[in-house]
Amino acid sequence: MAASRPTAARGSAATAGIIVIGDEILKGHTQDTNSFFMCRRLRALGVRVARISVVPDEVAAIASEVAAFAARFTYVLTSGGIGPTHDDVTFEAVARAFGEKVAPHPELVALVHKFFGKTDARCPEMKLARVPESSRLNYGAGGTFEYPLVSVRNVYIFPGIPALMERALDGLAHLFRSEQTRFHSRAIYVAADEILITPVLDQADATFQGRVSLGSYPDWANNYYRVKLTLDSESEQDLEEAYHFLMEKLPPHVVVPLVMDCIPPAAVEVYGLAESGSALGQKVAAALRTIEEALDRYSLAQLCVGFNGGKDCTALLHLVHAAVERRYPARQEKLQVLYIRIVSPFPEMEQFIQATVQRYKIQLCTVEGSIREALARLKEQQPQLEAVLMGTRRTDPYSRTLMPMCVTDPGWPQYMRVNPLLDWSYRDIWEFLRKLFVPYCVLYDKGYTSLGSMANTLKNPALRYTDARGRESYRPAYQLENEEDERTSRH
């Protein structure tokens, strides 16, 4: 099973094969993140990853894969199977792949003694010192590693623990870096179903085959595009030619710009909109004044934002986040958010709320029951809270006479209700969200315009239409023509 090192064709990129080793990966006990990290790092270094394999903790299986990969690729990187236990068999397997035996390496024996205080050749720790006979020890650029990474010919044997693997690969980047190869990439985001652009993709693939790699990846959960197209090439000129080819051939108006993450620039974008002088900008400026007044009166510990995943409170949360970021740019304290959980919530709504918590790095407080019951529980659990920012609009039930700041009604737990969006319309909410590319619950793209529970909410019939294949479909909520129809699907 001896393997030899391949040579890359002249003018082509170096290649790599990654072998992830571990029964725990195959059984689903552990999620592999190492191959993802390796792929990104190697590509940045000019190395094309050509294959990823996951194999069990079995000497024969590992040896067979290592031998095949070593003969086929410029570099082979293994991950896992290094350690003192019975299932750590990677060194033995790599030795077998090259027709070698494992033997104690004097430097590693000394390191085992240094780090573990062991000298007995039979102790478990000494298994780390028994490596293939032709092993090289790599201490990193400038000898930065106290403990080296072992390699045999073109096979580099990395630890399976992600933090150790990442540190080792970063420290050995010079071994893989290609000065001749640089990968160039571009992306195009398309607001159309993949089937509609397939003829153009086929034409582009035929035109640039062998020069540009074209990928097409549908995303059914994104609010702003349906397909992400990726273009990759070793030639920047070929890449640009393919990019312009697609931009010319794709149907009009389907290509959309994309802000990958609207959170970091929120303060700049929101306040820029407020100062724009547009009709929406004036609404944003008024809302920010109300939020800033609340921030003048109350500390972050005394404030919370009401959030149930709906469109109005999603717009509110983004406004509040922008105001807080601008006022407290170096803050450590998290913005508090109140989620009053109803009976039978949509699963998509629950998923969106959890994603929003991660996206904005907020502190979520979940309480159940009616609004009055929930506020009473909140008063018991967090007595320091004094004000709740809410996404209420005047068109909401019982809200026509509210003021931007008003105390709860008699008989209710006492809070200051802060209502920055009172004078916003349905159309204002959607223009704000989509102008700033703020993520919102995917149900709004499926025909729902006002969200309650699964028991009292239906798709809005005003958005219903028949598509080209005769199927009943629904337009997204932001295309609702008559704002008075917003709540017709709630009962």
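Shown above is the structure to which this text applies.
Everything numeric in this text was worked out from a predicted model, so none of it was measured.

Moving on to the environment of Arg377. Summarising the element assignment, Arg377 is placed in helix α14 (residues 371-381). Along the backbone, Arg377 and Val367 are ten residues apart, and their C-alpha atoms lie at a distance of 7.3 Å. Excluding anything up to four places from it in sequence, Arg377 contacts Glu368 and Gly369.

Right, let's talk about the nonpolar core for a bit. Counting 65 residues, the largest nonpolar core has Val284, Leu319, Trp424, Phe432 and Leu433 as the members making the most contacts within it. Of the residues forming this core, the biggest block, nine residues, is contributed by helix α12 (residues 311-327). Residues in contact with Trp424, not counting those within four places in the same chain, are Leu280, Lys283, Val284, Ala287, Leu319, Arg393, Ile429 and Phe432.

Every other side chain in a regular strand lies on the same face of the sheet, so the side chains alternate between the two faces. The buried fraction of strand β11 (residues 227-233) amounts to five of the seven residues, a majority that puts the element mostly inside the structure. With seven bridges joining them, strand β9 (residues 184-190) and β11 adopt antiparallel strand pairing. Along β11, the bridge assignment pairs Arg186 with Leu231. Both strand β10 (residues 213-218) and β11 contribute to a ladder of six bridges, which runs antiparallel. Bridge pairing links Ser213 to Asp232 in β11.

The topology assignment puts Ala121 in the loop between α5 (106-116) and β5 (130-132). In sequence terms Ala121 and Gly140 are 19 residues apart; their C-alpha atoms lie 27 Å from each other. Ignoring any residue separated from it by four or fewer positions in sequence, one finds Ala121 in contact with Met126 and Arg130.

The rules behind each value
- Residues numbered from 1 in each chain as written.
- Predicted model: local features only at pLDDT ≥ 70, side-chain atom pairs only at ≥ 80, totals over all residues.
- Heavy atoms only, no water.
- Helix = DSSP H or I, 4+ residues; strand = E, 2+ residues; numbered from the N terminus.
- Contact = heavy atoms within 4.5 Å.
- Core = buried A, V, L, I, M, F, W, Y, C linked by side-chain atoms within 4.5 Å.
- Buried < 20%, exposed > 50% of the residue type's maximum accessible area, 1.4 Å probe, protein only.
- Pairing = 2+ DSSP bridges.

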